[in-house]
Amino acid sequence: MLELAKRNAPIKPDILLPKPADWPEQMEKRLREHGARRLNTIGIERTDRAGREKLRLMNFEFYGAPCAVFLFMDGSLPEWSLFDIGLFAQNLILSAHCFGIGSCIQASVTEYAKEIKTFLNIEKNKKLVACISMGHPDKEAKLNTYRSVKKEADEFMYWHE
Ligand SMILES: Cc1cc2nc3c(=O)[nH]c(=O)nc-3n(C[C@H](O)[C@H](O)[C@H](O)COP(=O)(O)O)c2cc1C
């Protein structure tokens, strides 16, 4: 996978999630700020293409985690099943957290779905939805010191009384 990613082999994920042509303004702003802060934490300049490429490739080494979990769904299932898998992923991650194990959900690792299915001997009709890298977090690693800024509940919730 790393070799494919290194030479930018054409990607073919099972789940195609095209980016919206126009992000809602607020979301685009948050996305841009998040990207900049994340790079800043690990000391990579926005203009540092080599540094950014190195970071991208780290995805394909599971950020150094010893374990990667791949979530598949049967190809005959409707889109709603993605919601169920999302719930499953969240529960898995929270359970792992209780045992001191950190996780990183990665959509990028689904880009080479066909090769992963061949390697893992998974039926072709299954769709690769996500990868979750898991391991004991290295608390000293710069990347792990990054915390994304969350909105306060009041900023996105509306209580109707
Ligand atoms: C569906 C999904 C796909 C993601 N794909 C990636 C990815 O490919 N690479 C990556 O470094 N982070 C990816 N992330 C982000 C990390 O998993 C993120 O650190 C995690 O969601 C925690 O969010 P937070 O940093 O906002 O607290 C993804 C998150 C989600 C929910």
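Just above, that's the structure.
Note that this is a predicted model, so its numbers are computed, not measured.

Calculation rules
- Residues numbered from 1 in each chain as written.
- Predicted model: local features only at pLDDT ≥ 70, side-chain atom pairs only at ≥ 80, totals over all residues.
- Heavy atoms only, no water.
- Near = heavy atom within 4 Å.
- Polar contact = N/O pair within 3.5 Å; in protein donor to acceptor, adjacent residues only side chain to side chain.
- Areas by Shrake-Rupley, 256 points an atom, 1.4 Å probe, with all protein chains shown as cover.
- Patch = residues over 30% accessible without salt bridge, like charges linked within 9 Å, V, L, I, M, F, W, Y side chains within 5 Å.
- Salt bridge = Lys/Arg side-chain N within 4 Å of Asp/Glu carboxyl O.
- Lys, Arg positive; Asp, Glu negative; His and termini not counted.
- Charge placed at Lys NZ, Arg CZ, Asp CG, Glu CD.
- Helix = DSSP H or I, 4+ residues; strand = E, 2+ residues; numbered from the N terminus.
- Pairing = 2+ DSSP bridges.
- Axes fitted to C-alpha atoms, helices over the stretch in contact; angles between N-to-C directions.
- Contact = heavy atoms within 4.5 Å.

**Student:** What is the right way to read the site of the ligand from this model?
**Tutor:** Near the ligand the following residues occur: R38, N59, Y63, C104, I105, Q106, A107, S108, S148 and K150. Residue R38 places a side-chain N or O atom 3.4 Å away from an oxygen atom belonging to the ligand. In the model, a nitrogen atom of the ligand is placed 2.8 Å from a nitrogen or oxygen of the N59 side chain. In isolation the ligand has 610 Å² of accessible area, and contact with the protein removes 49% of it.

**Student:** Where do I start with a positive patch on the surface in this structure?
**Tutor:** A surface patch of like charges, here positive, comprises R30, R37, K150 and K151. Within the fold, K151 resides in the loop between β3 (126–135) and α6 (153–156).

**Student:** How should I be thinking about the sheet that holds β3 in this particular structure?
**Tutor:** In any sheet, the strands associate via hydrogen bonds between backbone groups, in a parallel or an antiparallel arrangement. Reading across the sheet, the 3 strands line up as β1-β3-β2 and stay open at both edges, with antiparallel pairing between neighbours. Unpaired on one side and paired on the other, β1 (67–74) and β2 (102–106) mark the two borders of the sheet. Here the average twist between neighbouring strands, direction ignored, is 25 degrees. Pairing of β2 with β3 involves 5 bridges; the strand directions are antiparallel. By the bridge assignment, I105 is partnered in β3 with I132. Against the sheet, helix α5 (residues 113–120) makes contact with β1 and β3, and its axis sits at roughly 105 degrees relative to β1, the strand it touches most.

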